[in-house]
Amino acid sequence: MSVRQSLLAILNQGPCYGYQLRAEFDRRTGSTWPLNVGQIYNTLDRLERDGLVQKADIDADGQNYVEITTAGRAEVAEWLGSPVVRTMATRDELAIKLAIAVTLPGVDIAQVIQVQRTQAMRTLQELTRTKNATADPESSEQLAWLLVIDLLIFAAEAEARWLDHSEHRLARARSAGLAEPLPLNTAVPKRGRPAKTVQASA
Amino acid sequence: MTGSDLLLELDGVSMQYGRGETAITALAGVDLSVRRGELVAVMGASGSGKSTLLTVAGGLTPPTSGEVIVEGHWLSQLSARELATLRRRSLGFVFQDFNLIPSLTALENVSLPLELDGWTSKKAHRPALDALNVVELGDRANHFPSDLSGGQQQRVAIARAVVGGRSLILADEPTGALDSTTGELVLRMLRSRVDAGAGGILVTHDARHAAWADRIVFLRDGRIVDESRASAVSSLLSGLPA
Ligand SMILES: Nc1ncnc2c1ncn2[C@@H]1O[C@H](COP(=O)(O)OP(=O)(O)OP(=O)(O)O)[C@@H](O)[C@H]1O
Ligand SMILES: [Mg+2]
């Protein structure tokens, strides 16, 4: 998970204590996904359990410093050198909603799409406005922040385009008399018996 | 909000093409207003009525019913001559197909609205050249449209629409033929005109471009079905790090 590796990558710069790590993470990601201190300490506990960090000094103010281990450094290099794979395992809430809505009789799917499109466009407007209020980045913190904004802009744009595309696809199918909504299937498989048995008896 | 803030009002505007059995309803009861300093984007599927909305708003075609009010003038009450003057002075059009005059150079195309309004061509060339420079075409001022690429023609059309500080800019897919950097240039220009006190309607299919607007209205089958208004303060981000 990226929080774990991000914290590790920050610790690769030198020992840090909990609050300091949180501040470092936030300033490097434009405070877009702020972490609470609890998350930081949980993550540090797990990193320590896995031998990637270890306790270091306690300073005069009583701050507990944590430092990266050799295994931790290897993990950082591994993380930076490998791609982030977006798995299908994380269910996409919107894709599921639309997929279900399409099959339901009596649902105005164009309206479902429109409601979502308005939301996507509002997000896009806010992001664009925020970005346009920004001059060219001067510091690497600003650059990091702009990279994050750009990703969010592209993601919102992709969502809007996908909605347009879905609307066209749906309109075409419906005007050709295809893709009618699905009534409940009364020939339901009983108690987890394979569907085959049901079909065979039908 | 004072009355003079309102640059454009569409009040229950409907538009039908043809009559009887084959009549097509392109707009059905559209209410829309544009204030000074406001850029409104119009989105919608092909055939949803976007271009029709612009032609009606700009007084190029009278609506079948409803009222169009530009800077306080009810278009239905104006004589043809008064309407022509209002259009020339107050409205800048960017058409979907550019609509440049082939026998005039880029500079002459951009100067034309000013000259029609009584400026000498010498006097009109100065602001026209400024407008061409903004769209980075100053060096092509003396070229004819046929010698320009599609995207360049589009930029000339945009320069023509904003020259002389017209108060209401109506742009139909002004970024359609442009690459993303040039498209952004055009939006920046449109946005700065609007921020300086003009008003604008921007028809576009491009979500990223529509997002430059203060409001986005969505047309479906000639009706406004929804609207997105950017909130003054972004709830999404805490803003740029110092
Ligand atoms: N001059 C005309 N005569 C008859 N019908 C017309 C005329 N102009 C437009 N229409 C019809 O009116 C409807 C709206 O057209 P309009 O050009 O406003 O759509 P649009 O939203 O601009 O589409 P696009 O995205 O393709 O430019 C369409 O059904 C179109 O066929
Ligand atoms: Mg059109």
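Bear in mind the structure is a predicted one, so any value in this text is a computation, not a measurement. Here the residue numbers are simple positions, counted from 1 along each chain's written sequence. Numbering of ligands from 1 and lettering of chains from A proceed in the order in which they are written. Local features in this predicted model are restricted to residues whose pLDDT is 70 or higher, and side-chain atom pairs enter the listing and the counts only when it is 80 or higher, whereas totals over whole chains, interfaces and linings include all residues. Here the side-chain values reflect all heavy atoms present in the structure, with hydrogen atoms and water set aside.

Student: When you look at the overall build of chain A in this model, what are you seeing that I'm missing?
Tutor: In terms of regular secondary structure, chain A is built from 8 helices and 2 strands. Strands here are runs of E lasting at least two residues and helices are runs of H or I lasting at least four, both read from the DSSP assignment and numbered beginning at the N terminus. Starting at the N terminus and walking to the C terminus, you meet the elements of chain A as α-α-α-β-β-α-α-α-α-α. Viewed in the frame of its principal axes, chain A has a C-alpha envelope of about 75 × 50 × 30 Å. Residue burial is assigned from relative accessible area. The probe radius is 1.4 Å, only protein chains are included, and a residue is buried under 20% of its type maximum, exposed over 50%, and partly exposed in between. Looking at chain A residue by residue over its 202 residues, the buried ones come to 32%. Any two residues having at least one pair of non-hydrogen atoms within 4.5 Å are treated as being in contact. Intrachain contacts of chain A at a sequence separation of at least 6 include 52% that bridge at least 24 residues. Surface accessibility follows the Shrake-Rupley procedure with a 1.4 Å probe radius. Residue values consider only the protein chains on display as shielding. Accessible surface, chain A as shown: approximately 13,100 Å² in total, 56% of it carbon and sulfur.

Student: Can you walk me through the pattern of salt bridges in this structure?
Tutor: As a working rule, side chains carrying opposite charge can pair if their charged atoms are close by. Note on definitions: salt bridges are taken to be side-chain nitrogens of Lys or Arg within 4 Å of carboxyl oxygens of Asp or Glu. One pass over the structure, following the stated rule, counts 21 salt bridges over all chains. Residues Asp117 of chain B and Arg89 of chain B are paired through a salt bridge, measuring 3.0 Å at the closest nitrogen-oxygen approach. In this pair, Asp117 of chain B sits in the loop between helix 3 (106-116) and helix 4 (121-134) while Arg89 of chain B sits in helix 2 (residues 80-90), placing the two residues 28 residues apart along the sequence. Of the residues examined, Asp117 of chain B reaches a relative accessible area of 22% and is grouped as partly exposed. One salt-bridge network, held together by shared partners, links Glu24, Arg27, Arg28 and Glu141 of chain A.

Student: Please clarify how the side chain of Arg160 of chain B should be interpreted in this entry.
Tutor: All names here are of chain B. Note that Arg160 resides in helix 5 (residues 150-162). Buried charge Arg160 goes without a salt bridge, the closest partner of opposite sign being Asp97 at 7.6 Å. Once residues within four sequence positions are removed from consideration, Arg160 is found in contact with Phe93, Phe95, Phe98, Asn99, Leu100, Asn109, Val110, Pro113 and Arg166. Charged residues are defined here as Lys and Arg on the positive side and Asp and Glu on the negative side; His and the ends of the chain fall outside this count.

Student: Hey, could you run me through the environment of Ala210 of chain B in this one?
Tutor: Tracing the sequence through the fold places Ala210 of chain B in helix 7 (residues 207-210). Residue classification places Ala210 of chain B among the buried residues on the basis of a relative accessible area of 0%. Residues in contact with Ala210 of chain B, not counting those within four places in the same chain, are Met121 of chain A together with Ala41, Met43, Thr204 and Ile216 of chain B.

Student: What exactly am I supposed to notice about the packing of aromatic side chains here?
Tutor: The description of an aromatic ring pair uses the distance of the two centres, along with the angle that the planes make with each other. Two rings belonging to Phe, Tyr or Trp (six-membered ring only in the last case) form a pair when the distance between their centres is within 6.5 Å. Interplanar angles under 30 degrees mark stacking, angles over 60 mark edge-to-face geometry, and anything in between is tilted. Counted by the stated rule, this structure contains 2 aromatic pairs over all chains. With 5.3 Å between their ring centres and 80 degrees between their planes, Tyr17 of chain A and Tyr65 of chain A make a pair best called edge-to-face. Of the two residues, Tyr17 of chain A sits in the loop between helix 1 (2-11) and helix 2 (18-28) while Tyr65 of chain A sits in strand 2 (residues 64-68), which places them 48 residues apart along the sequence. Taking the centre distance of 5.0 Å and the plane angle of 10 degrees together, the rings of Phe93 of chain B and Phe95 of chain B count as stacked. The rule for a charge over a ring is simple: NZ of Lys or CZ of Arg within 6 Å of the ring centre, and within 35 degrees of the ring normal. The residue whose ring lies beneath Lys123 of chain B is Trp119 of chain B, and the NZ or CZ to ring-centre distance is 4.4 Å.

Student: How should the site of ligand 1 be read in this particular structure?
Tutor: All names here are of chain B. In the vicinity of ligand 1 there are 13 residues, among which Ser46, Gly47, Lys50, Ser51 and Thr52 approach most closely. Separating an oxygen atom of ligand 1 from a backbone N or O atom of Gly47 is a distance of 2.8 Å. Interatomic distance of 2.8 Å between a side-chain N/O atom of Ser51 and an oxygen atom of ligand 1. Relative to its unbound accessible surface of 630 Å², ligand 1 loses 62% to contact with the protein. By convention in this text, a residue qualifies as near a molecule or strand provided that one of its non-hydrogen atoms is within 4 Å of it. The term polar contact refers here to a pair of N or O atoms within 3.5 Å; inside protein, the definition further demands a hydrogen-donor-capable atom paired with an acceptor-capable atom, and it admits residues adjacent in sequence only when both atoms are side-chain atoms.

Student: Hey, could you run me through the packing of helix 3 of chain B against helix 5 of chain B in this one?
Tutor: The axes of two packed helices give the description: the angle between them and the distance between them. Residues and elements named next belong to chain B. Between the N-to-C directions of two axes lies an angle of 0 to 180 degrees, each axis being a line fitted to C-alpha atoms and, for a helix, fitted only over the stretch in contact. Look at helix 3 against helix 5: their axes get within 8 Å of each other, and the N-to-C directions meet at 25 degrees. When the axes of helix 3 and helix 5 are compared, the pair comes out roughly parallel. Note that helix 3 runs across helix 5; the crossing there is right-handed. Facing Ala106, Asn109, Val110 and Pro113 of helix 3, the residues of helix 5 in contact are Val156, Ala159 and Arg160. For classification purposes, an angle smaller than 35 degrees is called roughly parallel, one larger than 145 roughly antiparallel, one from 65 to 115 roughly perpendicular, and anything else oblique. Take the far helix as the reference: if the near one is turned anticlockwise from it by less than a right angle, the crossing is left-handed, and if turned clockwise, right-handed.

Student: It is not clear to me how the environment of Arg155 of chain B should be interpreted in this structure. Could you clarify?
Tutor: All names here are of chain B. Tracing the backbone through its elements, the reader meets Arg155 in helix 5. You can call Arg155 buried: its relative accessible area is 12%. Between the C-alpha atoms of Arg155 and Val186, which are 31 residues apart in sequence, the distance is 7.5 Å. With residues near it in sequence (within four places) discarded, Arg155 still touches Val135, Glu136, Leu137, Leu178, Thr182 and Val186.

The quantities given are spatial measurements derived from coordinates; they are silent on function.
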